[in-house]
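# Structural characterization, general
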Amino acid sequence: MDTGHNGGAAADQLRGFIEEVERLEIEKQEIAEKIKAVKASVKGAGFDGKVFTQMLKERKLSDFEREEFQALCELYRASLGMLNGTPLGEAARKRLMPKPPTPPAGGAPEDDTELTPEVPAPEPEVNLREARSSGRAAAKEGKRIIDNPFTAGDPRRAAWDEGWCAETGSDGMEIPNAWRRADKKKKVPDGDEKPEGDGKPEGGEA
Amino acid sequence: MSRPPFSQRLAEDDIKGMLSKFADVLMPKDADEPVLAPAVRAALFEWLTEIRATEDLKDVGIKPRRSALLFGPPGCGKTTFAHHFAARLGLPLACVRSESLISSYLGSTGSNIGQLFDAMAKTEGKVVIFFDEVDALGGKRMNDQGASVERANSLNVLLRRIERFSGIALAATNRQDHLDPALWRRFDMQISVDLPTADERFAIIKRYLAPFDPTDDDTDLLADLTAGASPALLRAVMEGVKRTLVIGPKVGRKTDSAREVFTRVVASVAPPPEYTPPPLWDEAGLDEAAGIAWPMPRKEGAQ
């Protein structure tokens, strides 16, 4: 393209940028083709392509992330009866996990089957209990209900929330004490049956 | 707790980047304490429980509901509802800017809606979508002429995409009569977010008058005098009071009585014309407001 009479330095600069990106795009494509070729040789050498790709993924993870991922995989396999474990181990597993694995309790789409570390784990009952008591403790400390430390879709998130609500005897949407009547004998407002505040930490309720 | 898993770490910037063209993303940690009416709270809590009981519902052959339409007077906390709901699930809320979807070019609005849902699909259901003022996109289809055809086409796209959307969708409108019936039906739930009751008004007044801290009796009196006011109106009045207290003396206005201050404030903010004004908007109400202890006490240690 000719810069014409309107071009000048700006047009040159623009063309420079465009050409730079075009050049990089070509490089990107070349590299992609090289990777493809390497993968083809991997298969040619008798390695399993899928496993090879999985290793690539796993090497990107830190030790912690890899361990977490593997632990989750084990848990999933165990829940799905894919471990062919010893009778004793199997019996212990059944005792711990009476139910099949639960998909995320909320948020994640149903077709989310991608095998990545972010797939929420079906937690053993014991962990759910811990999450519930940690929710209770958080409520006692005056933390907000939205300060839930577990990620979306993790069953422990729901357990933490339940614990918080159980501790405060509320639905997590009580009006904070700072904005409530200090005086308990105040009138009952129109149609609202909420219990009165009792000096618990903010958000707390009897 | 150990470090948060992947999904949380990559979340914020990536999600904002993916959706920035059409939506503002509100993160769970930024949600405010909601001050909602009991019935609305009950609906929200029930829905949360339902989503968490996905497995149990599956046992009886049903799925949790995934979409809700919030309707009610302006300024009653529809956005707060949506933000709190998403925050309880631990998900960001994408507040769609209707103006970024609507285009003057033929077919572009529909195409923008498509792009928005494509971007949402990339978030793999980890973001709740919220269409505020959805009537801007989903008004009743009228006739088959001119711009109406384009509007109807865009609405068809919206209907289809909401139907196919696998995540959680919320929409809000204060013009429910104006909404296309097909859009209304497309949502699993229709929740009325109405004017606050006395307890909520009390809390809202406390919240927006801070650092001023009138006695409970005075706050109750204000809550009575503002019966029928929306949270947004209450906020405007309380902030108006604070503004008058600061600015008034600088422009030579007296601020030494509650009546004077409230008279000035209600002269410049008013409920929407279709609503009966609360008592504070007439002389008798202002006379009652004069009974508030003045100057209002200030909370110690507040800003």
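Residues numbered from 1 in each chain as written. Chains lettered and ligands numbered in written order. Predicted model: local features only at pLDDT ≥ 70, side-chain atom pairs only at ≥ 80, totals over all residues. Heavy atoms only, no water.

On to the overall build of chain A, then. Counting its secondary structure elements, chain A contains 6 helices and 0 strands. Starting at the N terminus, the α and β elements of chain A follow one another as α-α-α-α-α-α. For chain A, buried positions account for 34% of its 206 residues. Restricting the contact set of chain A to residue pairs at least 6 apart, pairs at least 24 apart contribute 54%. Of the roughly 13,000 Å² that chain A leaves accessible, carbon and sulfur atoms contribute 58%. (Helix = DSSP H or I, 4+ residues; strand = E, 2+ residues; numbered from the N terminus. Buried < 20%, exposed > 50% of the residue type's maximum accessible area, 1.4 Å probe, protein only. Contact = heavy atoms within 4.5 Å. Areas by Shrake-Rupley, 256 points an atom, 1.4 Å probe, with all protein chains shown as cover.)

Attention now goes to helix 10 (residues 198-209) of chain B. All names here are of chain B. Between its terminal C-alpha atoms helix 10 stretches 16 Å, which fits the 16 Å expected from 12 residues at 1.5 Å a residue. The buried fraction of helix 10 is high, at 12 of 12 residues. Three or more residues of helix 10 are buried, namely Ala198, Asp199, Glu200, Arg201, Phe202, Ala203, Ile204, Ile205, Lys206, Arg207, Tyr208 and Leu209. Summarising the contacts, the buried residues of helix 10 are in contact with helix 2 (38-52), helix 11 (216-225) and helix 12 (231-247). (Expected span 1.5 Å × (residues − 1).)

Residue and element names in this part refer to chain B. Only one face of strand 1 (residues 23-26) is buried, namely the one carrying Ala23 and Val25, since none of Asp24 and Leu26 on the opposite face is buried. Note that strand 1 and strand 3 (residues 93-96) share 4 bridges and pair antiparallel. Residue pairing for strand 3: Leu26 is matched across the bridge by Leu93. (Pairing = 2+ DSSP bridges.)

A separate point is the packing of helix 10 of chain B against helix 11 of chain B. Residues and elements named next belong to chain B. Relative to each other, helix 10 and helix 11 sit at 115°, their axes nearing to 9 Å. Viewed along their axes, helix 10 and helix 11 form a crossing whose handedness is right-handed. Within the contact between the two elements, helix 10 uses Ala198, Arg201, Phe202, Ile205, Lys206 and Leu209 and helix 11 uses Asp216, Thr219, Asp220, Leu222 and Ala223. When grouped by side-chain class, the residues that make up the contact of helix 10 with helix 11 number 6 nonpolar, 1 polar and 4 charged. (Axes fitted to C-alpha atoms, helices over the stretch in contact; angles between N-to-C directions. Left-handed = near helix turned anticlockwise from the far one by under 90°. Nonpolar A, V, L, I, M, F, W, Y, C, P; charged D, E, K, R; others polar.)

Another aspect to go through is the packing of helix 2 (residues 49-59) of chain A against helix 3 (residues 63-79) of chain A. Residue and element names in this part refer to chain A. The geometry of helix 2 relative to helix 3 is characterised by a closest axis approach of 9 Å and an angle of 130° between their N-to-C directions. Judged by the angle between their axes, helix 2 and helix 3 are oblique. Residue-level contacts link Gln54, Glu58 and Arg59 of helix 2 to Arg66, Phe69 and Gln70 of helix 3. For the contact of helix 2 with helix 3, a count of residues per class yields 1 nonpolar, 2 polar and 3 charged. (Parallel < 35°, antiparallel > 145°, perpendicular 65-115°, else oblique.)

A grouping of A:Leu14, A:Phe17 and A:Ile18 is seen on the molecular surface, where their side chains present a nonpolar patch of about 310 Å² in accessible area. Of note, A:Leu14 is situated in helix 1 (residues 9-44). (Patch = residues over 30% accessible without salt bridge, like charges linked within 9 Å, V, L, I, M, F, W, Y side chains within 5 Å. Salt bridge = Lys/Arg side-chain N within 4 Å of Asp/Glu carboxyl O.)

What follows concerns helix 1 of chain A. Over its 36 residues, helix 1 of chain A extends 52 Å from the first C-alpha to the last, a length consistent with the 52 Å expected when each residue adds 1.5 Å. One or two positions beyond helix 1 of chain A, positive phi appears at A:Gly46, with a value near 95°.

Another aspect to go through is unusual backbone geometry. Residue and element names in this part refer to chain B. In the segment running from Ala210 into Pro211, the intervening peptide bond is cis, with an omega of 10°. By the secondary structure assignment, Pro211 is in the loop between helix 10 and helix 11. One non-glycine residue, Glu133, adopts positive backbone phi at about 50°. Taking relative accessible area as the criterion, Glu133 reaches 36% and is therefore assigned partly exposed.

Let's shift gears to the packing of aromatic side chains. All names here are of chain B. All told, the structure shown has 5 aromatic pairs over all chains when counted by the stated rule. Centroid distance Phe71 to Trp184: 5.2 Å. Interplanar angle 50°. Geometry classified as tilted. Residue Phe71 is located in strand 2 (residues 67-71), and its partner Trp184 is located in helix 9 (residues 181-186); the two are separated by 113 residues in the primary sequence. For Phe71, a relative accessible area of 16% translates into the label buried. Judged by relative accessible area, which is 27%, Trp184 ranks as partly exposed. Grouping aromatic residues by their ring pairs yields a cluster made of Phe117, Phe131 and Phe165. Stacked on the ring of Phe212, the Lys or Arg Arg298 has its end atom at 5.3 Å from the ring centre. (Phe/Tyr/Trp six-rings, centres within 6.5 Å; stacked < 30°, edge-to-face > 60°. Lys NZ or Arg CZ within 6 Å of the ring centre and 35° of its normal.)

The next thing to look at is the nonpolar core. Residue and element names in this part refer to chain B. By size, the foremost hydrophobic cluster in this structure holds 33 residues, and its most contacted members are Val237, Val241, Phe262, Leu280, Ile292 and Trp294. Of all the secondary-structure elements, those providing two or more residues to this core are helix 10, helix 11, helix 12, helix 13 (258-268) and helix 14 (283-289). The element contributing the most residues to this core is helix 12, with 6 residues. Leaving out residues up to four positions away in the same chain, Val241 has contacts with Leu209, Val261, Phe262, Val265, Trp294 and Met296. Listed in part, the 32 residues of the second largest apolar core include Leu19, Phe22, Ala169 and Leu183. (Core = buried A, V, L, I, M, F, W, Y, C linked by side-chain atoms within 4.5 Å.)

This part covers the confidence of the model for chain A. Residues and elements named next belong to chain A. Per-residue pLDDT for chain A has a mean of 73; in total, 63% of the residues score no lower than 70. Least confident of the elements in chain A is helix 4 (residues 87-96), whose mean pLDDT is 55; most confident is helix 1, at 93. Here residues 106-119 is a poorly scored stretch, pLDDT under 50, and it has 32 contacts once near neighbours within four places are set aside; other chains count. (pLDDT = per-residue confidence, 0-100.)

The subject of this paragraph is the pattern of salt bridges. Considering all chains together, one arrives at 27 salt bridges over all chains under this definition. A salt bridge links B:Arg88 to A:Asp161; the nearest nitrogen and oxygen atoms lie 2.7 Å apart. One end of the pair, B:Arg88, is in helix 4 (residues 78-89); the other, A:Asp161, is in helix 6 (residues 155-168), on a second chain. Each of A:Glu20, A:Arg23 and A:Glu27 takes part in one network of salt bridges that share partners.

To continue, consider the pairing of strand 5 (residues 169-173) of chain B. All names here are of chain B. Here strand 5 lies mainly inside the structure; 5 of its 5 residues are buried. The two faces of strand 5 match: Ala169, Ala171 and Thr173 on one face and Leu170 and Ala172 on the other face are all buried. The pairing of strand 2 with strand 5 spans 5 bridges and is classified as parallel. For Leu70, the partnering residue across the bridge sits in strand 5 and is Ala172.

All names here are of chain B. Scored by pLDDT, chain B has a mean of 85; 93% of the residues are at 70 or more. For chain B, per-element mean pLDDT is lowest for helix 1 (residues 6-19), which scores 67, and highest for strand 4 (residues 128-131), which scores 94. Low confidence marks residues 6-10, where pLDDT is under 50. Its contacts with residues over four positions away, or in another chain, come to 13 contacts. Predicted complex metrics record ipTM = 0.75 and pTM = 0.64.

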